[in-house]
Amino acid sequence: MSGIAGIFDLDGKREPDRAALGRMRNALSHRGAARGDLHIEPGLAFATRSGRRDAADAPLARSAGGRSMVAVDGRLANSPALEGQLALQGRLPERSSDATILSEIVDLRGADALPELSGPFAFAAWNPREGTLLLARDRFGERPLYWHVTRDGLLLFASEPRALLASGLVHTLPSEDAVADYLFYGFVPEPHTIYRGIACLPAGHTLLLRRRRPVPAPRRWWTPPAPPGPGDAAEEARAEIAPLLQAAVEAHRRGERACGAMPAETLPDRAVAAALGQHPDPDTPPARTAEHDPEALAEKAMGLFGEPFADLSLLRRLDDFEALGRRAGTVLWGAGGAEVLGGHARYALFEEDARLRAPLPAAVRARGFGALAAACPGPAIAPGLAEARSRLTRLAREEAEAYAAALAVVPPGQWRSLLAAPLRSSDPARHVRARLEPVRAQPAFARVRAVDLMLLVPGRMGFGADRLSASAGLDLASPFLDPAFSDWALRLPRVPGEKPASGYSALEHAFAGELPAAPPAAPVILPRKALAGAVRGRGAWRDSGYLDIDAVEKLAARHERGRIDAAPALWSVLMLDAFLAGFSS
């Protein structure tokens, strides 16, 4: 694991604030305590942290002849192929590392080299010949990168917002819109953050900066590719998926003394473990379900994430991260596998919805399907009609609004009722709408899958999983997100209505006999009374003005009495409170 930070003078070549840079580097010490390197010149400063002691693995490097300086957080899975390219051009560095290779590649081709890079990365590259600073992230956002422009023309960047705040040069408050987005999705979608004025460079984007020029909008360098027309790819997928996954796993394992697999909860996790030759014992008992003190868990989670993050499924794996951190430097898991292979049932569901929506004008759909949904009895009266009511409700909405509701951690109606009046006009579907725009011409199945790849995967990996792996000192990566594998998977043709897509079905078939049944995952249990009491007993959320106090109180009371299950909403409020309490202090 590593971390990067820096200061770039947009107005000239003022001497960087060394004390501020030191505070930024120290704030990233949990991302690598073994090494801490600096580069300082007029108008520019880089700082890095690394968990690797060997100087050859330092995340800071200058290209041959001192032309480009690169600070990188991440690992290149295809470094041998890149070395071969550099050797042909006489640019192979004397001491080969991810940072030295990247410095040469970027020096030669700039942002045009990004499609050739494989693996999780976020980097900053300074080119003194052109006077440009390039910030870039990998296509799926496995490594995060944040930035902020100060009032006096300094651009600060870092692997985590806490490093920007530690500089002493950033003065900010929580963003009201971001609070509303967080309560809806369980995280704040890129490019926004919980802080006003601090942006997250979106996955698959670059930001190219020049002195004495306005800061441009980030530029997208990768978009999920469109699949070909309909077709049956079952045989192709079954024949090719295992060798492709094995090659991706081997690329990450190359040169690593200790490479482990995340405990196999999902089919993609189990396939990665099988490809690594790490087969779980089928007789291993399931993890013991444990009850947690909600307040203590929220405080611990806030210490790890630094910002509100309400995904309990990731927090449940904290013990796995910590155990692997004691015996492995690199850990592979199956994140993104269900997305690139089309394994989620909702993809085919929304494909059918799109077919039903197509012939009807939006106004007719909203009135007609909306009236039918309202006429359906509630689940307490007619539970058998719940699926029909849900579909009618989706059809009454536009595609972006309907898919946003499918991704929500807190049900949209409940979410809106919890917000204070000034925040109720917030539109969380705008994030889905923005992701749909570049793939609007793709088939419905591919469109909603692309939304997941551009919204959910960066939100979970670039934020949640990155923080957990950093806390355990791990380099975390998913072979399913390597370009060779993901491009192949995303371009597989499919039969309309196929559930799941042939690629996902082929995954289980390819590793038949090597995949023992996964033990049931132990849920994070938050006792009803303790969770409701914790929310009622906290004061920061009450004083913030972001939430409707009466609505939260009533929801907590109904949850405590067992009338409804509002655990996701109440946990989200508790995490928000822990953040606000820490921020104010």
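From a predicted model like this one, the values you see are computed outputs, not experimental measurements.

(A) Structural detail: the overall build of the chain. Within the chain, the secondary structure is distributed over 24 helices and 17 strands. For a compact globule of 585 residues, the expected C-alpha radius of gyration is about 25 Å, and the chain comes in at 24 Å, within 12% of that figure. C-alpha atoms of the chain, sized along the principal axes, occupy 75 × 60 × 55 Å. The proportion of buried residues among the 585 residues of the chain is 55%. Of the contacts formed within the chain by residues at least 6 apart in sequence, a portion of 73% connects residues at least 24 apart. With an accessible surface of roughly 23,300 Å², the chain has 53% of that area assigned to carbon and sulfur atoms. In the chain, the 71 positive side-chain charges and the 69 negative ones have mean positions that sit 3 Å from each other.

(B) Region of the structure containing the side chain of Arg 394. With respect to the secondary-structure elements, Arg 394 resides in helix H14 (residues 386-396). Leave out the neighbours within four places in its chain, and Arg 394 touches Leu 349, Phe 350, Asp 353, Arg 357 and Ala 402.

(C) Representation of the pairing of strand E6 (residues 121-127) within the structure. Most of E6 is tucked away, with seven of its seven residues classed as buried. Burial along E6 is two-sided: Phe 121, Phe 123, Ala 125 and Asn 127 and Ala 122, Ala 124 and Trp 126, pointing in opposite directions, are all buried. Here strand E5 (residues 69-74) runs beside E6; their pairing, made up of six bridges, is antiparallel. The partner of Val 70 across the bridge, within E6, is Ala 125.

(D) View of the sheet that holds strand E7 (residues 132-137). Taken in spatial order, the six strands of this open sheet run E4-E5-E6-E7-E11-E12, and their pairing is antiparallel. Of all strands in the sheet, those bounded by a partner on one side alone are strand E4 (60-62) and strand E12 (219-220). Pairing of E6 with E7, which is carried by six bridges, proceeds in the antiparallel orientation. In the sheet register, Ala 125 faces E7, and the bridge partner there is Leu 134. Sheet strands in contact with helix H3 (residues 98-109) are E4, E5, E6 and E7, and its direction is about 125° off that of E5.

Conventions and cut-offs
- Residues numbered from 1 in each chain as written.
- Predicted model: local features only at pLDDT ≥ 70, side-chain atom pairs only at ≥ 80, totals over all residues.
- Heavy atoms only, no water.
- Helix = DSSP H or I, 4+ residues; strand = E, 2+ residues; numbered from the N terminus.
- Rg over C-alpha atoms; globule rule 2.2 N^0.38 Å.
- Buried < 20%, exposed > 50% of the residue type's maximum accessible area, 1.4 Å probe, protein only.
- Contact = heavy atoms within 4.5 Å.
- Areas by Shrake-Rupley, 256 points an atom, 1.4 Å probe, with all protein chains shown as cover.
- Lys, Arg positive; Asp, Glu negative; His and termini not counted.
- Charge placed at Lys NZ, Arg CZ, Asp CG, Glu CD.
- Pairing = 2+ DSSP bridges.
- Axes fitted to C-alpha atoms, helices over the stretch in contact; angles between N-to-C directions.

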